[in-house]
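Coordinate analysis (summary)
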Amino acid sequence: MIQKDIELLDKKISQKSAFVDDLIKEINKVIIGQESMIERLLIGLLGSGHILLEGVPGLAKTLAINTLAKSISGDFNRIQFTPDLLPSDVIGTLVYNIKEGDFSIKKGPVFANFILADEINRAPAKVQSALLEAMQERQVTIGDDTYPLQEPFLVLATQNPVEQEGTYPLPEAQTDRFMLKTLIDYPEKEEEKIIVRNNLKGLHPKIQSVVSIKKILEARKLINDIYMDEKIENYIIDIIFSTRKPNDYELGDLKKLINFGASPRGSINLARASRVHAFIRRRGYVVPEDVRSVCHDVLRHRIGLSYEAEAENINTDEIIDRILNKIEVP
């Protein structure tokens, strides 16, 4: 792509991405702080991906996605995952109608634009896997019929990192379906002071719809046009391959810490998330900082740690830090 084309694309993206500021402003009426979480929600929404949020209870995870749904007039359903939950409670089932002598379809809560799978690791594997087809294929099969899900379709799953009793850890095959795994931390002192004041005053701002679903779908198509230079592509591939073959990148000490590296789905999602990050920053082209900004969220659930790494209390974020510090930035 020649320089003139890039400049025209950059101008177009700058104009078409203006709604992102309106969306963030509307969400910030309710969510105080947590800028990183809000940005990751938008990356998932605009990048056609799903998000796994990990954080202790009370950090506004449910409120954030509910607010996002209201700000774009989307349908929102919350599913509380429990050990006694059944797949039919998620996707729906066939119900026998005595009067008509026939079966009818009762659709489950998964038929919405925004799904909050609250504490997803509380339910057994058969329930977790009920979400797999919906997340990957954007469709649900009930009986002999298959039903497409409406777009946009975003699954936000949460899990509590503290309480592990009575939980069913997500298998690697399922965590890989999530575009991002985002860690949510406590708010800052000043932010929490505002949160407490607002709650004590009973301030609950009404969220207005500021962006149409049509505009979100148009933005998704436009993001595919964002320019990514071959040097950036090579940078992404080098990052991914260094998780598989660390010896090739002078990172031999990581080999004993990594059981398996990121799959090609990691490469795809890192490239896609980088483009969306550029879009949110109102740019028509990807720079290395876009890749580095989303790298931890895209890869932290795609690198399998060895027993040795766990014994040394080394987590995937530390491994990603070492990779980013070693791989040459274009």
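Residues numbered from 1 in each chain as written. Predicted model: local features only at pLDDT ≥ 70, side-chain atom pairs only at ≥ 80, totals over all residues. Heavy atoms only, no water.

Pairing within the open sheet is parallel, and its five strands lie in the order β2-β5-β8-β1-β9. Each of the sheet's edge strands pairs with one partner strand only, and the pair in question is β2 (76–80) and β9 (180–183). The mean angle between the axes of side-by-side strands here comes to 20°, regardless of whether they run parallel or antiparallel. Taken together, the four bridges between strand β1 (residues 51–54) and strand β8 (residues 154–159) define a ladder with parallel strand orientation. Paired with isoleucine 51 across the two strands is leucine 156, which belongs to β8. (Pairing = 2+ DSSP bridges. Helix = DSSP H or I, 4+ residues; strand = E, 2+ residues; numbered from the N terminus. Axes fitted to C-alpha atoms, helices over the stretch in contact; angles between N-to-C directions.)

As a further point, take helix α2 (residues 19–27). Within α2, burial applies to Phe19, Val20, Leu23, Glu26 and Ile27. In a view along the axis of α2, the buried residues occupy a sector of 130°, so they form one face of it. Contacts made by the buried residues of α2 are with α1 (3–16), α3 (35–46), α4 (61–71), α10 (213–223) and α12 (264–280). (Buried < 20%, exposed > 50% of the residue type's maximum accessible area, 1.4 Å probe, protein only. Arc of directions from axis to C-beta. Contact = heavy atoms within 4.5 Å.)

One pass over the full model with this rule turns up two aromatic pairs. Here the aromatic rings of phenylalanine 19 and phenylalanine 279 are separated by 6.1 Å at their centres, their planes lie at 50°, and the arrangement is tilted. Taken together, the positions of phenylalanine 19 in helix α2 and phenylalanine 279 in helix α12 put the pair 260 residues apart, joining distant regions of the chain. Judged by relative accessible area, which is 0%, phenylalanine 279 ranks as buried. Taking the centre distance of 6.5 Å and the plane angle of 80° together, the rings of phenylalanine 111 and tyrosine 147 count as edge-to-face. (Phe/Tyr/Trp six-rings, centres within 6.5 Å; stacked < 30°, edge-to-face > 60°.)

This part is about the pattern of salt bridges. Inspection of every chain in the model, using the stated rule, returns 19 salt bridges. Between glutamate 39 and arginine 281 there is a salt bridge, with the nearest N and O atoms lying 2.6 Å from each other. Linking glutamate 39 in helix α3 with arginine 281 in the loop between α12 and α13 (288–299), this pair joins segments that are 242 residues apart in sequence. Notably, a salt bridge pairs arginine 300 with aspartate 297, separated by 3.4 Å at the nearest N-O pair. By relative accessible area, which is 7% here, aspartate 297 ends up buried. Salt bridges sharing common partners tie together Glu39, Arg40, Arg281, Asp297, Arg300 and Asp317. (Salt bridge = Lys/Arg side-chain N within 4 Å of Asp/Glu carboxyl O.)

So, on to the nonpolar core. In this structure, Leu46, Leu68, Ile239, Leu270, Phe279 and Leu299 are the most contacted members of the largest nonpolar core, which totals 70 residues. Ignoring anything within four residues of it in the chain, the contact list for phenylalanine 279 reads Ile13, Lys16, Ser17, Phe19, Val20, Leu46, Ala219, Leu222, Ile223 and Ile226. If you look at the next biggest cluster of nonpolar residues, it comprises 27 residues, including Leu52, Phe81, Ile91 and Ile120. (Core = buried A, V, L, I, M, F, W, Y, C linked by side-chain atoms within 4.5 Å.)

For the rest of this paragraph, the subject is the pairing of strand β3 (residues 92–97). Note that β3 and strand β4 (residues 102–107) share six bridges and pair antiparallel. Bridging across to β4, asparagine 97 finds its partner in aspartate 102. What sits between β3 and β4 in their antiparallel hairpin is a turn of four residues, with glycine 101 showing a positive phi close to 65°.

As a further point, take the environment of isoleucine 98. Assignment of secondary structure puts isoleucine 98 in the loop between β3 and β4. When its relative accessible area of 73% is taken as the criterion, isoleucine 98 is described as exposed. On a C-alpha basis, the gap between isoleucine 98 and arginine 265 in space is 47 Å, while along the polypeptide they are 167 residues apart.

Our next topic: unusual backbone geometry. Omega for the peptide link from glutamate 151 to proline 152 comes to -5°, which places this bond in the cis form. Mapped onto the fold, proline 152 is located in the loop between β7 (145–148) and β8. Despite not being glycine, serine 73 shows a phi value in the positive range, around 55°. Position of serine 73 relative to the elements: it lies in the loop between α4 and β2. At arginine 282, a residue that is not glycine, the phi angle is positive and equals roughly 65°. The partly exposed category is assigned to arginine 282, whose relative accessible area is 29%.

Here the focus is the packing of helix α11 (residues 230–244) against α13. Where α11 contacts α13, the axes come no closer than 11 Å and their chain directions differ by 30°. Relative to α13, the element α11 lies roughly parallel. Considering only the axes of α11 and α13, their crossing is right-handed. Here α11 contributes Ile232, Tyr235, Ile236, Ile239 and Ile240 to the contact with α13, which in turn contributes Pro288, Val291, Arg292, Cys295 and Leu299. Counted by class, the contact of α11 with α13 contains nine nonpolar, no polar and one charged residues. (Parallel < 35°, antiparallel > 145°, perpendicular 65-115°, else oblique. Left-handed = near helix turned anticlockwise from the far one by under 90°. Nonpolar A, V, L, I, M, F, W, Y, C, P; charged D, E, K, R; others polar.)

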